[in-house]
Amino acid sequence: MVSVVIVASAVATAALGCFRLFNARDERRSLAIALVISLAATVGAAVASVAIPGYGPLLIIPALIAGLPAVFMLSKDTHRR
């Protein structure tokens, strides 16, 4: 179940990020908020995956190193608009 949540939230984050990248002039605040929420869900799912034996602890490293700073930067950018 946790693996499905991790994959689904990662796919949603990638899709929103790609849409945002290819439509950079789109200034909709709701799109930016959706991207922050999906990234936060991905980081949360990665943190929850520590309970899975085997590959679980490997997912927390990129979540903490790349995911948390990205959530903070994107939320800061969203508040500026």
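No experiment lies behind these values; they were computed from the predicted model shown.

About the criteria used
- Residues numbered from 1 in each chain as written.
- Predicted model: local features only at pLDDT ≥ 70, side-chain atom pairs only at ≥ 80, totals over all residues.
- Heavy atoms only, no water.
- Helix = DSSP H or I, 4+ residues; strand = E, 2+ residues; numbered from the N terminus.
- Contact = heavy atoms within 4.5 Å.
- Expected span 1.5 Å × (residues − 1).
- Buried < 20%, exposed > 50% of the residue type's maximum accessible area, 1.4 Å probe, protein only.
- Arc of directions from axis to C-beta.
- Patch = residues over 30% accessible without salt bridge, like charges linked within 9 Å, V, L, I, M, F, W, Y side chains within 5 Å.
- Areas by Shrake-Rupley, 256 points an atom, 1.4 Å probe, with all protein chains shown as cover.
- Salt bridge = Lys/Arg side-chain N within 4 Å of Asp/Glu carboxyl O.
- pLDDT = per-residue confidence, 0-100.

Asker: Mind showing me how you'd approach the side chain of S38 here?
Answerer: Mapped onto the elements, S38 comes out in helix α2 (residues 29–48). Excluding residues within four positions of it along the chain, S38 makes contact with S9, A12, T13 and L16.

Asker: For this particular structure, what's the right way to read α2?
Answerer: Each α-helix winds once per 3.6 residues, and so residues spaced three or four apart point in a common direction. Taking 1.5 Å as the rise per residue, α2 with 20 residues should run 28 Å; its terminal C-alpha atoms sit 28 Å apart, in good agreement. Within α2 the residues assigned to the buried category are L31, A32, L35, V36, S38, L39, T42, V43, A45 and A46.

Asker: Looking at this structure, I do not really get helix α1 (residues 2–22). What am I missing?
Answerer: Spanning 21 residues, α1 covers 30 Å between terminal C-alpha atoms, matching the ideal 30 Å at 1.5 Å per step. Those residues of α1 that fall on the buried side of the exposure criterion are I6, S9, T13 and R20. All buried residues of α1 fall inside an arc of 80 degrees around its axis, so they share one side. Exposed residues lying more than 90 degrees from the buried face of α1 are V4, V7, V11 and F22.

Asker: Before we go on, may I ask you to explain a nonpolar patch on the surface in this structure?
Answerer: On the surface, V47, L58, I61, L64, I65, L68 and F72 cluster together into a nonpolar patch covering about 680 Å² of accessible area. Here the nonpolar patch gets 6 residues from one element, more than from any other, and that element is helix α3 (residues 56–80). Examined against the element boundaries, L64 turns out to sit in helix α3. Judged by its relative accessible area of 44%, L64 is partly exposed.

Asker: Help me out: how do you make sense of the confidence of the model for the chain in this one?
Answerer: Low pLDDT means the predicted coordinates in that region are not meant to be read closely. Averaged over every residue, the pLDDT of the chain is 78; the share at 70 or more is 95%. Between the elements of the chain, mean pLDDT differs from a low of 77, seen in α3, to a high of 81, seen in α2.

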